[in-house]
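Listed below are the residues making up each chain.
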Amino acid sequence: MGELLPLLIQGAWVTLQVTFFGSLLAIVAAVLAALGRLSPWRALRWFSITYIEVFRGTSLLVQLFWLFFVLPLPPFNIELSPYAVAIVGLGLHIGAYGAEVMRGAISSVAKGQYEACTALNFSGFTRFKRIILPQALLAAIPPGTNLLIELLKNTSLVSLITLSDLSFRARQLDQATFQTLEIFSLALVMYFILAQAINFGMRNIERRLSRGRMRGGLS
């Protein structure tokens, strides 16, 4: 076990990095796509709808293969490392689901909040940054937490594009040692710990935003 654990930790570290950066991309993509869906500009609205439906309606594995194997071919000629493909593929895939969550959260903000911002002569950007977005984020945290945990679990697919994540290391060690029970039990525990860390972090963010709401300001 002393020999197996360090290699699994190396894989878990790669999984953690992909999860972290993929989550950042997913959050940004979700917010931008949600705003695009709500935009009065038809071209932007249809662009956002196309992004959401394409990434929600196709397999993540196929998306990863497409980014890794197809993009380097003509006429694209764009070659990405397995690490970059993992982050971009997972981030855009989960971001498409998150966009609908954010759209619902933004739409759930009471109309009185918009009217109050207009009465106070807030600009559109200030209104969104200080009033609408904090309240929408608070409403989006519970379903968003599920999506981030789903992103973590989906990182197991990146081993198929040669990235040495936790799943890749576990299969590699299993083939070398045949200690299947020990190796996959450790991998299972590591995934569980990482998922609970995401859950704990998101709950802390939710409590912080909730305290701001109770004080009467979410900024």
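Residues numbered from 1 in each chain as written. Predicted model: local features only at pLDDT ≥ 70, side-chain atom pairs only at ≥ 80, totals over all residues. Heavy atoms only, no water.

Engineer: Explain the overall build of the protein here, please?
Structural biologist: Tallying secondary structure elements over the protein gives eight helices and zero strands in all. Reading the helices (α) and strands (β) of the protein from amino to carboxyl end gives α-α-α-α-α-α-α-α. Counting only C-alpha atoms and orienting by the principal axes, one finds that the protein spans roughly 70 × 45 × 20 Å. Buried residues in the protein amount to 39% of all 219 residues. (Helix = DSSP H or I, 4+ residues; strand = E, 2+ residues; numbered from the N terminus. Buried < 20%, exposed > 50% of the residue type's maximum accessible area, 1.4 Å probe, protein only.)

Engineer: Just to check I follow, could you spell out the layout of surface pockets for this structure?
Structural biologist: To locate leftover empty space, one rolls a probe as large as a water molecule over the atoms. For the largest pocket, the calculated volume is near 690 Å³. Forming the walls of the largest pocket are 29 residues, and the residues nearest its centre are S23, I27, G144, L148 and M202. Counting residues per element, the ones that place at least two in the lining of the largest pocket are helix 1 (4–37), helix 4 (82–108), helix 6 (124–154) and helix 8 (180–215). Ranked by residue count, the leading element in the lining of the largest pocket is helix 1, at nine residues. A per-class count over the lining of the largest pocket returns 22 nonpolar, six polar and one charged. (1 Å grid on protein atoms, 1.4 Å probe; cavity = no way out; pocket = protein on both sides within 12 Å on 5 of 7 lines; lining within 4 Å. Points joined across faces, edges and corners; volume = space filled by probe spheres on them. Nonpolar A, V, L, I, M, F, W, Y, C, P; charged D, E, K, R; others polar.)

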